[in-house]
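Geometric and topological summary
Take a look at the letters that make up each chain.
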There are 2 protein chains.
Amino acid sequence: MTEAPHPQLPDAVLRPVRGHHAFEACVEQLATAIRLGVYPLGSTLPAERELADRLHVSRATLREAMAALRQAGLVETRRGRGGGTVVTLKPRTPSARKAARVSAAVRADWLDVLEYRRITEPGGAYLAALRQRDGDLEEEQRDQLHAALDEVAGADRPAEHRQADSRLHLTIAALTGSPRLVAAVTDVQRVLHEMLLAIPVLDTNIAHSDRQHAAVVRAVLAGKPDRARKAMEEHCDDTAALLRGLVG
Amino acid sequence: MTEAPHPQLPDAVLRPVRGHHAFEACVEQLATAIRLGVYPLGSTLPAERELADRLHVSRATLREAMAALRQAGLVETRRGRGGGTVVTLKPRTPSARKAARVSAAVRADWLDVLEYRRITEPGGAYLAALRQRDGDLEEEQRDQLHAALDEVAGADRPAEHRQADSRLHLTIAALTGSPRLVAAVTDVQRVLHEMLLAIPVLDTNIAHSDRQHAAVVRAVLAGKPDRARKAMEEHCDDTAALLRGLVG
DNA sequence: GAGATTTGGTCTGAACTCAGACCTATACTG
DNA sequence: CAGTATAGGTCTGAGTTCAGACCAAATCTC
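Below you will find a few notes about this structure. (Residues numbered from 1 in each chain as written. Chains lettered and ligands numbered in written order. Predicted model: local features only at pLDDT ≥ 70, side-chain atom pairs only at ≥ 80, totals over all residues. Heavy atoms only, no water.)

**A look at the interface of chain B and chain A**
At the interface, 71 residues of chain B touch 70 residues of chain A. Roughly 6300 Å² is buried in total at the junction of chain B and chain A, and carbon and sulfur atoms are behind 59% of that figure. There are eight salt bridges connecting chain B and chain A. A:Arg229 serves as the salt-bridge partner of B:Glu233, at 2.8 Å between the closest nitrogen and oxygen. The tally of links between chain B and chain A comes to 15 residue pairs in polar contact (both at pLDDT 80 or more). Elements represented by at least two residues in the side of chain B that touches chain A include exactly helix 1 (8-13), helix 2 (22-35), helix 3 (48-55), helix 5 (104-133), helix 6 (139-154), helix 7 (158-175), helix 8 (179-198) and helix 10 (225-247) of chain B. Sort the elements by how many residues they give to the side of chain B that touches chain A and helix 5 of chain B lands first, with 11 residues. (Contact = heavy atoms within 4.5 Å. Buried area = accessible area lost by both parts, 1.4 Å probe. Salt bridge = Lys/Arg side-chain N within 4 Å of Asp/Glu carboxyl O. Polar contact = N/O pair within 3.5 Å; in protein donor to acceptor, adjacent residues only side chain to side chain. Helix = DSSP H or I, 4+ residues; strand = E, 2+ residues; numbered from the N terminus.)

In structure tokens:
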């Protein structure tokens, strides 16, 4: 029998088919959406039946996930018409805690995310600018982008700034209309958020970051793909340099 | 109760948590690895216990998947020491069939992949060249890249050329050492393979494609990230232009 | 206030998945 | 040739997930 003549490929290509337990995956997705500010404090989640439908799980499974979120204090639930599940989690301040000891596997994952981000987010900015240039963006989408940028610039407290930052990056990705790209950026932002909570970042230099955000948005709205990509690359590089030093 | 004030984000961020049935996901992954030539005709798959371990499923579930692959004629199995599961699927010739009617959802997915590819594969080439420039690539990895390129250039029959092409792209992605990037490129190549089997591609212009491959590999081995990315972008753009026209 | 509607809460039986022990076939080793 | 190692083949009981029906509470409409 012949062995596979490409020894490096199977190791790279075969991956775990899923993180066991559908309800854990639901908790993960919903908690991520809440932490990243897709559903901010006080907002209502979609009805159970709709969420179950969207996540492709049974309502029973989704309810298990909801119970976990409730127990973890992220949401509260009221029944009856007009009821529903409301976000109660206050955004946490980045770096408010001591540096947790992280395993080698987690550290490797963090470093992977920083490289992956260097590719995906600038790529997203590029595609978004391309769509703008070609007239494929709706007025409403441009407004959303403006609004997201204003929220970042207007957030005074670090915790709100962090969520607004995530939302801006996700909004840019959403402008591309590419489900795969949105998924990639969501994954990146999730891990980034995890890092920022676990690492004591001394000085985030929010003003610098906001100038870069503005530059990216300007380039996107001007329909300049290459400039948008370049601007986002610089933004990612600056963040990465800061974090890489602290992760080791 | 407040509604989520970012109407575009939940729709984009919440996704199905998985394609139900672990065994279907196993079939999908293994069939993809076989079709893309990660396990070429005549090669032996890893033992069941090892595969189950790697895919994070129980052996019972993996065996269901194996049974499906066997029934579909992709593999054959012999028991006993020195036995195992051997690939019997002959690579299929692209575009050997009439154009199948594809649903709107599939067509949208295909177009998404072409955009996503435009981001991920050039990004992978960029990162690989960066690692080469910084001396992070082993001698063995450079050899693998050379070998993969030679196989593409040396493949005479279209079916073998298609597999060698996939392997080259996966090899470049694997050079980056980024699990996320390898996963992204695997996904891209899987859908690309699906497209090429379903669409009657009239003239692939293999010589042109091989020149572009060579340019990418040269740039990677020279440690020139920007040139590698540019070369891969051109390669992706040419493929995409061809396919987009045929998909509509 | 009566009734309709929307929302979360509960239950059931079938199907899927799991971990792990155990059986069987084949080939290598001494 | 006997023993051992390595492979696939089989079984079991417990946990998870499913689809869908039905119940209960809160609100809206008339």
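After that view of the structure, there is still more to cover.
**Describing the protein's contact with DNA strand C**
Close to DNA strand C lie 25 residues; A:Arg59, A:Arg63, B:His21, B:Ala22 and B:Thr61 are nearest. Near the protein, meaning within 4 Å, the atoms of DNA strand C are sugar or phosphate in a fraction of 68%, with bases accounting for the rest. One of the side-chain nitrogen or oxygen atoms of A:Arg59 is found 2.7 Å away from a base nitrogen of DNA strand C. One nitrogen or oxygen atom from the side chain of B:His21 is found 3.3 Å from a sugar or linking oxygen belonging to DNA strand C. Contributing elements (two or more residues each) for the surface near DNA strand C: helix 3 (48-55), helix 4 (59-71) and strand 1 (75-78) of chain A together with helix 2 and helix 4 (59-71) of chain B. Tallied by class, the residues present in the surface near DNA strand C amount to four nonpolar, nine polar and 12 charged. (Near = heavy atom within 4 Å. Nonpolar A, V, L, I, M, F, W, Y, C, P; charged D, E, K, R; others polar.)

**Concerning the relation of the copies chain B and chain A**
Of the transformation placing chain B onto chain A, the axial shift is 0.0 Å and the rotation is 180 degrees, giving an RMSD of 0.0 Å. In symmetry terms, the pair is related by a two-fold rotation axis. Mapped onto chain A, 99% of the interface residues of chain B are again interface residues, and the two copies thus contact each other with one and the same surface. (Least-squares fit on C-alpha atoms with pLDDT ≥ 70 in both.)

**With respect to the protein's contact with DNA strand D**
In the neighbourhood of DNA strand D, 25 residues make up the surrounding shell, with A:His21, A:Ala22, A:Thr61, B:Arg59 and B:Arg63 lying closest. For DNA strand D, the backbone portion of the atoms within 4 Å of the protein, that is sugar and phosphate, comes to 70%. A distance of 3.1 Å separates a base oxygen of DNA strand D from a polar backbone atom of B:Arg81. Only helix 2 (22-35) and helix 4 of chain A together with helix 3, helix 4 and strand 1 (75-78) of chain B provide two or more residues apiece to the surface near DNA strand D. If one sorts the elements of the surface near DNA strand D by residue count, helix 4 of chain B sits on top with three residues.

**Overview of helix 6 of chain B**
An ideal rise of 1.5 Å per residue puts 22 Å on 16 residues; helix 6 of chain B measures up with 22 Å between its terminal C-alpha atoms. Contacts from the buried residues of helix 6 of chain B go to helix 1 (8-13) of chain A together with helix 7 and helix 9 (206-221) of chain B. (Expected span 1.5 Å × (residues − 1).)

**Notes on a negative patch on the surface**
A grouping of A:Asp136, A:Glu138, A:Glu140 and A:Asp143 is seen on the molecular surface, where their side chains present a negatively charged patch. Counting through the fold element by element, A:Glu138 comes out in the loop between helix 5 (104-133) and helix 6 (139-154). (Patch = residues over 30% accessible without salt bridge, like charges linked within 9 Å, V, L, I, M, F, W, Y side chains within 5 Å. Areas by Shrake-Rupley, 256 points an atom, 1.4 Å probe, with all protein chains shown as cover. Lys, Arg positive; Asp, Glu negative; His and termini not counted. Charge placed at Lys NZ, Arg CZ, Asp CG, Glu CD.)

**Description of the environment of B:Thr93**
Residues and elements named next belong to chain B. The residue Thr93 is located in the loop between strand 2 (84-87) and helix 5 in this model. Note on Thr93: relative accessible area 38%, which makes it partly exposed. Residue contacts for Thr93: discarding those within four places in its chain leaves Pro158, Ala159 and Leu197. (Buried < 20%, exposed > 50% of the residue type's maximum accessible area, 1.4 Å probe, protein only.)

**Topic: the packing of helix 9 of chain B against helix 10 of chain B**
Residues and elements named next belong to chain B. Contact pair helix 9 / helix 10: the axes reach a minimum separation of 8 Å and the direction vectors enclose 160 degrees. The orientation of helix 9 with respect to helix 10, classified from their angle, is roughly antiparallel. Helix 9 and helix 10 meet at a crossing whose hand is left-handed. Two secondary-structure elements touch here, helix 9 through His208, Ser209, Gln212, His213, Ala215, Val216, Ala219 and Val220 and helix 10 through Arg227, Ala228, Ala231, Met232, Glu234, His235 and Asp238. Looking at the contact of helix 9 with helix 10 residue by residue, the classes come out as seven nonpolar, five polar and three charged. (Axes fitted to C-alpha atoms, helices over the stretch in contact; angles between N-to-C directions. Parallel < 35°, antiparallel > 145°, perpendicular 65-115°, else oblique. Left-handed = near helix turned anticlockwise from the far one by under 90°.)

**Looking at the pattern of salt bridges**
Residue and element names in this part refer to chain B. The final tally for this structure, using the stated rule, is 37 salt bridges over all chains. Among the salt bridges present, the one from Glu194 reaches Arg190, with a minimum N-O distance of 4.0 Å. Of this pair, Glu194 and Arg190 are both found in helix 8, four residues apart, which corresponds to roughly one turn of the helix. A residue is classified by how much of its surface remains accessible, and Glu194, at 35% relative accessible area, is partly exposed.

That is the geometry; function is a separate question.
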